[in-house]
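Fold and geometry: a report
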Amino acid sequence: MKICVMKFGGNTLANKQKLLLAANLIKSRYDDGFIPLVVASANGNLTDVLLDHAYSIAREPDKRELDMLITTGERVSVALLSIALRAQGVPSVSLTGSQIGLITTSSHTGADILTLKGDRLKKEMEQGHVPVVAGFQGIGENKEITTLKRGGSDVSAVFLAAQLGASHVEMIKDVDGVYSADPNKDQKAQKYEVLDFDEMYKLALNGASVLHPDAVRLAKEKGVEIRIVYYQTGKTGTVIK
């Protein structure tokens, strides 16, 4: 199998038009002979909306219940994306972190990934199905649903790429690459065509929100190339390797 790991950020799935754009991009990879493995974040600011609801009810909501609540955000994304793909003739299946066997530590609202247990993902892909996986979540060693640290969908995507032997992961973003400064605020900001992992890690630590620092560190450790891909064109803007 030619595996193509594609991670979609929340801003690229924020409305119907963007969901359909995402489905078109996934279909283009599928038509090129790849079996895409899609990792999706919650649509737009849905996670923040859910958190606001919880904190309007309780000053300190129970962390287990918070995980139960906010993992629904990614489930909305993967279900809608899978519906859009099936409507275009792509045999997809939406899956939660627990369904694929993404085992984490037992810490709620900030777990770390431990391992991938079972062969659900491989079986789906061997049958020609496109898995659309909920990022940012897994299942703890104690069988409880967990969420990763903020930005954890990036980490999920890199981890799954490494587990399945993919050479790279496409991070589908609403920006067309990594810049030396915020291009919306600095007209002199220049886009990097290529960055090494250490350079990107420093940028991420210093506030570049394109990638989570933990995802960059894991990508370096596992030898997984990261490509920043613009959601409107499907073109790679920056390669991190």
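Reading the values: the criteria
Residues numbered from 1 in each chain as written. Predicted model: local features only at pLDDT ≥ 70, side-chain atom pairs only at ≥ 80, totals over all residues. Heavy atoms only, no water. Axes fitted to C-alpha atoms, helices over the stretch in contact; angles between N-to-C directions. Helix = DSSP H or I, 4+ residues; strand = E, 2+ residues; numbered from the N terminus. Parallel < 35°, antiparallel > 145°, perpendicular 65-115°, else oblique. Left-handed = near helix turned anticlockwise from the far one by under 90°. Contact = heavy atoms within 4.5 Å. Nonpolar A, V, L, I, M, F, W, Y, C, P; charged D, E, K, R; others polar. Pairing = 2+ DSSP bridges. Expected span 1.5 Å × (residues − 1). Buried < 20%, exposed > 50% of the residue type's maximum accessible area, 1.4 Å probe, protein only. Arc of directions from axis to C-beta. Core = buried A, V, L, I, M, F, W, Y, C linked by side-chain atoms within 4.5 Å.

Where helix 6 (residues 197–205) contacts helix 7 (residues 213–222), the two axes come as close as 9 Å, and the packing angle between them is 165 degrees. By the angle class used here, helix 6 and helix 7 are roughly antiparallel. Two packed elements cross with a definite hand, and for helix 6 against helix 7 that hand is left-handed. Residue-level inspection shows Phe 197, Asp 198, Met 200, Tyr 201, Ala 204 and Leu 205 of helix 6 in contact with helix 7, the latter providing Pro 213, Val 216, Arg 217, Ala 219 and Lys 220. Of the residues contributing to the contact of helix 6 with helix 7, the split by class is eight nonpolar, no polar and three charged.

If you walk across this open sheet you meet the four strands as 5-4-7-8, and the pairing is mixed. Among the strands making up the open sheet, the edge pair consists of strand 5 (113–116) and strand 8 (145–147). Neighbour-to-neighbour, the strand axes of this sheet turn through a mean angle of 45 degrees, independent of strand direction. In this sheet, strand 5 lies alongside strand 4 (residues 102–104) in antiparallel orientation, the contact comprising three bridges. If you follow Thr 104 over to strand 5, its bridge partner there is Ile 113.

If you check helix 2 (residues 46–57), its first and last C-alpha atoms are 17 Å apart, about what 12 residues at 1.5 Å a residue would give, namely 16 Å. Residues of helix 2 that are buried: Thr 47, Leu 50, Leu 51 and Ala 54. Buried residues of helix 2, seen end-on, are gathered within an arc of 100 degrees and therefore sit on one face of the element. Turned more than 90 degrees from where helix 2 packs its buried face, Asp 52 and Ser 56 sit exposed.

Along the polypeptide, Thr 72 turns up in helix 3 (residues 63–87). Residue Thr 72 is classed as partly exposed on the basis of its relative accessible area of 33%. For the pair Thr 72 and Ala 134, spaced 62 residues apart in sequence, the C-alpha to C-alpha distance is 9.3 Å.

This next bit is on the nonpolar core. Counting residues in hydrophobic clusters, the biggest one holds 47 residues, and the most contacted among them are Leu 121, Val 158, Leu 160, Val 169, Leu 211 and Ile 226. Apart from the residues lying within four places of it in its own chain, the contact partners of Val 158 are Val 169, Met 171, Ala 215, Leu 218, Ala 219, Val 224 and Ile 226. Ranked by size, the runner-up nonpolar core spans 22 residues in total, among them Ala 23, Ala 40, Ala 84 and Val 132.

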